[in-house]
Amino acid sequence: MENLAAAEQSVERLSIDDSIEYLKANHSQAIKLDDRDGYEGVIVDSDMLVDIARVIRDELGFDYLSSATAVDYLGEGDHMEMVYHAYRSSGGGALVFKAQTDREAAEIPSLVSVWRGADFQEREAWDLYGIRFPGHPNLTRILMWEGFEGHPMRKDWREAYYEEEQKPFDSRWPGGHVHRAEEKNVFGKNVSYPPDIDLNRLMDTSEEAVYQSLGLGVDIERIMDKDGFETNELVVNMGPHHPSTHGVFRMLLTVDGETVTSLEPVMGYLHRNHEKIGERNTYLHNIPFTDRLDYISSMGNNHGYVLAVEQLMSLGRKYNPPTYRCEALRVMMVELSRIVNHLWAIGFWLNDIGAFFTPVLYFIQERERILDFFEAVAGSRMMCNYMRFGGLFGDLPERIKSVSNLTNDRVRDYNTMQFLTEMINERIPRTIDELEVLLTQNEILIERSMGVGILSAEDALNFSAAGPLLRGSGVAYDIRRADPYSIYPELDFDVAVEEEGDMYARYRVRVTELRESVRILKQILPRLESTQGESIWADGKPGAYAPRVPHGESYGRVENGKGELGYYIVSAGGRGGSSNPWRYHVRAPSFINLTPLGHMSKGHKVADIVGILGSIDIVLGETDR
Amino acid sequence: MYGTGLAKGLRLTLRHFVESYIDDLRYGFRKYHHSTDNFGIRQGTQTKGVITVQYPDEKIAVPERFRFVPFLIVEDDDHPTRSGKDWCTSCGICAKVCPPQCIWIVRGNDPDTGRPVPEPEGFFIDIDICMNCGYCAEYCPFDAIKMDHDYELASYDRTSHHIHDKEKLSKPNSYWRSIAPTRAYDEMLVRGTWEHKDAAKEARRGSASSRASSPQPAAQQAASAAAAETAAVSAAVEAETVATAATAEGATPWSEDDAKREERRRKALERKAKRAARGG
Ligand code: SF4
Ligand code: SF4
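Residues numbered from 1 in each chain as written. Chains lettered and ligands numbered in written order. Predicted model: local features only at pLDDT ≥ 70, side-chain atom pairs only at ≥ 80, totals over all residues. Heavy atoms only, no water.

Draft legend 1. Focus on the overall build of chain B. Summing up its helical and strand segments, chain B has 12 helices and 7 strands in all. The buried share of chain B, taken over its 280 residues, is 49%. Here the analysis covers contacts within chain B between residues at least 6 apart in sequence; of these, 62% occur between residues at least 24 apart. Accessible surface for chain B amounts to roughly 14300 Å². Of this, 57% is attributable to carbon and sulfur atoms. (Helix = DSSP H or I, 4+ residues; strand = E, 2+ residues; numbered from the N terminus. Buried < 20%, exposed > 50% of the residue type's maximum accessible area, 1.4 Å probe, protein only. Contact = heavy atoms within 4.5 Å. Areas by Shrake-Rupley, 256 points an atom, 1.4 Å probe, with all protein chains shown as cover.)

Draft legend 2. Helix α1 (residues 4–26) of chain B, seen in detail. Over its 23 residues, α1 of chain B extends 32 Å from the first C-alpha to the last, a length consistent with the 33 Å expected when each residue adds 1.5 Å. Regarding α1 of chain B, the residues found buried are Gly 5, Gly 9, Leu 12, His 16, Glu 19, Ser 20, Asp 23 and Asp 24 of chain B. Where the residues of α1 of chain B are buried, they touch α12 (358–378), α13 (416–439) and α14 (443–449) of chain A. (Expected span 1.5 Å × (residues − 1).)

Draft legend 3. Structural context of the packing of aromatic side chains. Residue and element names in this part refer to chain A. Tallied over the entire structure, the rule returns 27 aromatic pairs over all chains. Judged by centre distance (6.3 Å) and plane angle (45°), the ring pair of Phe 373 and Phe 374 falls under tilted. When its relative accessible area of 3% is taken as the criterion, Phe 374 is described as buried. Aromatic pair Tyr 414 and Phe 419: ring centres 5.4 Å apart, planes at 25°, arrangement stacked. The burial state of Tyr 414 is the same as that of Phe 419; both residues are buried. Through pairs of rings, three or more aromatic residues link up here, namely Tyr 305, Phe 389, Tyr 567 and Tyr 584. Directly above the aromatic system of Tyr 73 lies the positively charged group of Arg 36, at a separation of 5.3 Å from the ring centroid. (Phe/Tyr/Trp six-rings, centres within 6.5 Å; stacked < 30°, edge-to-face > 60°. Lys NZ or Arg CZ within 6 Å of the ring centre and 35° of its normal.)

Draft legend 4. Summary view of the domain arrangement of chain A. Residue and element names in this part refer to chain A. Partitioning chain A into structural domains gives domain 1 (2–129) and domain 2 (274–403 + 413–538 + 558–623). Relative to domain 2, the C-alpha centre of domain 1 lies at a distance of 28 Å. If you look at the interface, domain 1 gives 33 residues, while domain 2 gives 29 residues. The largest contributions to the domain 1 side of the interface with domain 2 come from Tyr 64, Arg 116 and Phe 120, which together make up 28% of the buried area. Connecting domain 1 to domain 2 are 1 salt bridge. Where Asp 459 meets Arg 116, a salt bridge forms, and the shortest distance between an N and an O atom there is 2.9 Å. For the side of domain 1 that touches domain 2, the secondary structure elements donating two or more residues are β3 (64–72), β4 (79–87) and α4 (118–129). Per element, the largest residue contribution to the side of domain 1 that touches domain 2 is 8 residues, and it comes from β3. Here the residues of the side of domain 1 that touches domain 2 are counted per class, giving 13 nonpolar, 11 polar and 9 charged. (Domains from an automatic or database assignment. Buried area = accessible area lost by both parts, 1.4 Å probe. Salt bridge = Lys/Arg side-chain N within 4 Å of Asp/Glu carboxyl O. Nonpolar A, V, L, I, M, F, W, Y, C, P; charged D, E, K, R; others polar.)

Draft legend 5. Looking closely at the sheet that holds strand β7 (residues 170–172) of chain B. All names here are of chain B. One open sheet accounts for 3 strands, arranged β5-β2-β7; its pairing is mixed. Sheet topology places β5 (145–148) and β7 at the edges, where each strand pairs with a single neighbour. Pairs of neighbouring strands in the sheet enclose a mean axial angle of 55°, with direction left out of account. When strand β2 (residues 68–74) meets β5, the two strands line up antiparallel, connected through 4 bridges. From the neighbouring strand, Phe 71 faces β5, where its bridge partner is Lys 146. (Pairing = 2+ DSSP bridges. Axes fitted to C-alpha atoms, helices over the stretch in contact; angles between N-to-C directions.)

Draft legend 6. Geometry of unusual backbone geometry. Of the consecutive residues Lys 167 of chain A and Pro 168 of chain A, the connecting peptide bond is found in the cis state with omega at 0°. Assignment of secondary structure puts Pro 168 of chain A in the loop between α4 and α5 (181–184). Following Tyr 55 of chain B, the chain continues to Pro 56 of chain B via a peptide bond in cis, the omega torsion being 0°. Summarising the element assignment, Pro 56 of chain B is placed in the loop between α2 (36–43) and β1 (59–60). With a phi angle near 50°, Ala 105 of chain A is a residue other than glycine that sits in the positive phi range. Position of Ala 105 of chain A relative to the elements: it lies in the loop between β5 (95–102) and α4. For Ala 105 of chain A, a relative accessible area of 73% corresponds to the exposed category. A positive phi angle, near 50°, is found at Asn 273 of chain A, a position not held by glycine. Considering the arrangement of structural elements, one finds Asn 273 of chain A in the loop between β10 (259–266) and α8 (274–280).

Below, the structure written as C-alpha cells:
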C-alpha cells in the first residue's frame, strides 16, 4: 500500500513500461497491450481515447505529442489505426498508444482539445486516410484540394499512373520495352471528381465565392456583413507565389487595417504523396526520396530514415549495427548540414525582414564549400543519398579531386582531411563570428524582431513545436540529449535555449546551435583520425540491395535543423518480413511547426508575418511532402 | 551608444569589399589563371576574395564521385578480344534497384537456341525520370553502368532526346577510367582485374578446359559459364527462367559452385511462390 502511495507521487517519472502498467491498472477496461509481433505500446478503446490522452498528459507527464498518424491495415486485420507517440519534455522514450476503427465510416475522437499539435496531423489523416475526427474544430482537407476524389493513402486507392502495388515493376526487365506513363494516361482523361463537387462553382470569381467554396475557414460573412457596410476588415491572400514564403505556400489573412486578426495557412501545392510513393518503394528506394523532403539538409533526412529501418532490422537475427567510424561520419555529415541549414535559415529570415542579400551571400559562400565537400564524398551537393542501412555509400575519399572533362573545366585538388580541418577550425567559426558582428547587436534587427511572434513555453509544447521554435520558447528539448541516438551521448555539447519565445530568441538559438555544431565537429575530427582504415560496414562489405525487414513497427527520430524529424515505419508481410514498407510516414517538422503560425501572428502587422514565417524556418518540400 | 552595432556591421561589409581586392593583389591575379593550383586557391579554404565562377566561360570540374545520368560501359575498340562488347550482362539488378524505375532492359535471346544471352538487346533510361541517385552504378555486380560527369544535357525536345537508348548510353571503358581514375582503380582492386569479370573467367576457363580436354569448344563453354554466372546473380532475387535454362541445359560443367547455385535458385523459387501465395 505504501509502495503504491509512493508510486502515485512519482507517477510523472515512471518508466515507459511502468507507465503502461499504471494505465492498465487504473483503466483496464479501456487499455489493451499491443502484442503484435514487433509492436509496442497500448491500444486504447476509441470511446475513451480523449480521457486516456488526458491521463497520459497530466498524470503520466507525457506533455509532448510528437506524432499522430494513421495506418490502413487492409488485408492485415482490415481496420484503420491512429498511432500516437507522446514524449516527456524532460526526456526519455515514447509512450505509444493507438486507437482503432473500421475502414468504412472511420471515426476516432479528436485529440486537439488535449494537444493542439494534433490539429494539422488529424487533418492530414482525414485528407489522406478518410478518418473523421469528431471534436476537431476545422476538419478540412489540408494537402489535397476539396475537389480531390478519395483518400489517397488508403491501400485500395490507386494513382493515375498505377502500375503495380510494389516495386520493382515486372515490366522493366527482362522484356523492358520503354514507354512513357503519359502515353497510356492521357492528361485530362485520368482525373475524376467527387460526385458532390460542382466545377462550375470555380468559375465564379467573386471574392465571396472564392473563399467560401474553398472552405478555408475564413468567416467571410462576418467580414462582409458588419452593420451592412463593408468594414475595414479585409481578406488578404499572401502567396502561393510570394518571395517570402520560401516556396509555394499561401497564407490567408484577415486584417483590420494593418493588424492581422486571423491567419490560415494553406499548403499542399508541392504535395506529391511522398508517403504513397514510399510504400510502393522498397526500403532502399526510399533513401534518395528522403533527400527531397528538406532539401537543405538531406543528410539529416537520410539519417532519420536509416535509423528507423535499422531499428526494425535489429529485431531480426542477421543484423550488424554500424561501425564506430560509420557513426562518426554520419554525425559529422549531419552537423555540417545543420550548419548549412541554420546559415540558410538566418540568411533568408534576414531577407524577409529587409536585410536584403548581403548577409545571406556571406553565409552562402561557406555553404558552398560544405556542399563541395558533400559532392566529393557523396556525389551530389544537395541530394546526398549518402547513408545506407548499417553503413554509408562510401568512406571519405583521400582527396577532394576532380578531373577536367568538359570544355572550360577548372580543376581543384585538396586533401580531404586538411580541407575539413581548415573548414571546422577556421572558416566556419570565423563566419559565425562575422554573423554575430553583423547581426546580434544590430539595432535595426533588434527592434524589428524582439517581442514579435511570441510563443510561450506551454503553447510551444502543446502545439508540438520542434527545433529552434521550441527551444526559442524556453523548452530545452533537443533529441540529441533528450532521447539520444548514434554517438551523441559521448559528445560534449550544450542544448541551446532562450526564454523569450520571440523571433530574436529563435535567431539566438540558431547562432548558439551553430557554435555547438562546430564544437561537435571539433570532437569528431580526432575520432575520424583514430578510426582511419576501419571499415564503414560491420562485416566489411556493403549491405544487400533488397534487405528483408522483420515484421514490426518503429519510429526513428532525429534532431534535424528544422526540428524533430521522425519516420514511422511498419513492416508487414509474413514471418520473414518484407522488402517494402507497409507504412512509411514522415513526421515533418516544417509541417507541424506551422500549426502555431496563426496563433503567433495574431495582432501583428502584415509586414511582420513574413518575418514570423521566416523565423519558423520551413521548407516546402517537407511541409507538403 | 545607439547605432554602434549597426556601425560594426557596416565596417564588416566594408572589410569584405576591401579584402577581395587585397586577396587579388596577394596572389597577383594568378588565381584567375586556369591551372589546378590557382583555381584551388580561388575556391579553397584560405581565400577571402571573390569565389564566383563565370559559367560557361569557366566551369568547376566535378569531383570523381559526382553523379549525373548513368552510362553503359562497352569495351574499348582496341581491346584484343572483346572490342565493342557490352560490359552489361543484362542481369536486371540495376532495373530493380532504380527508385523511380526508369531503367528498361530487353534481355537478348540466342536466335538458334532461344536461350537468354548475357548481353542486353535493348537498354533504355528515361533521363527525365532518373533522379541521379547512383544506385544502378553502386549495385551493378559487373561494373557495367556508371554515373556520368557530363551534366550539359539540355535539349529543345524532351520527347525525342530524353530517352537514352543503348547507343546513346554506351561509352568506352577508357572514358570511365579517364573521368574517374581513382574509382576505376578501386573497382579494379575489388574485381581483381582490369578486365570485365567474365573476360577474366573466360581466360581461366579457357586454360582449364584445354587441360581437361572437354568435348565442348572452349569459347562456347565460356559463354555458357558466363550465362550461368549471370543467372546466379539474377536468381538471388527471383529470376527462374535463366537459371532453369542454364542448368537444364546440362552442358555446364559441374563445379563446387553449382550446388550452391542450385540451392540459391531453389530458395528464390520458394520465396517467389510464397509471395505469389500472399498475392503480393
Ligand atoms: S546491373 Fe549491370 S550488368 Fe546488370 S543489367 Fe544493370 S548494367 Fe547490366
Ligand atoms: S541513377 Fe538512380 S534513378 Fe537514375 S537510372 Fe540509376 S538507379 Fe535509376
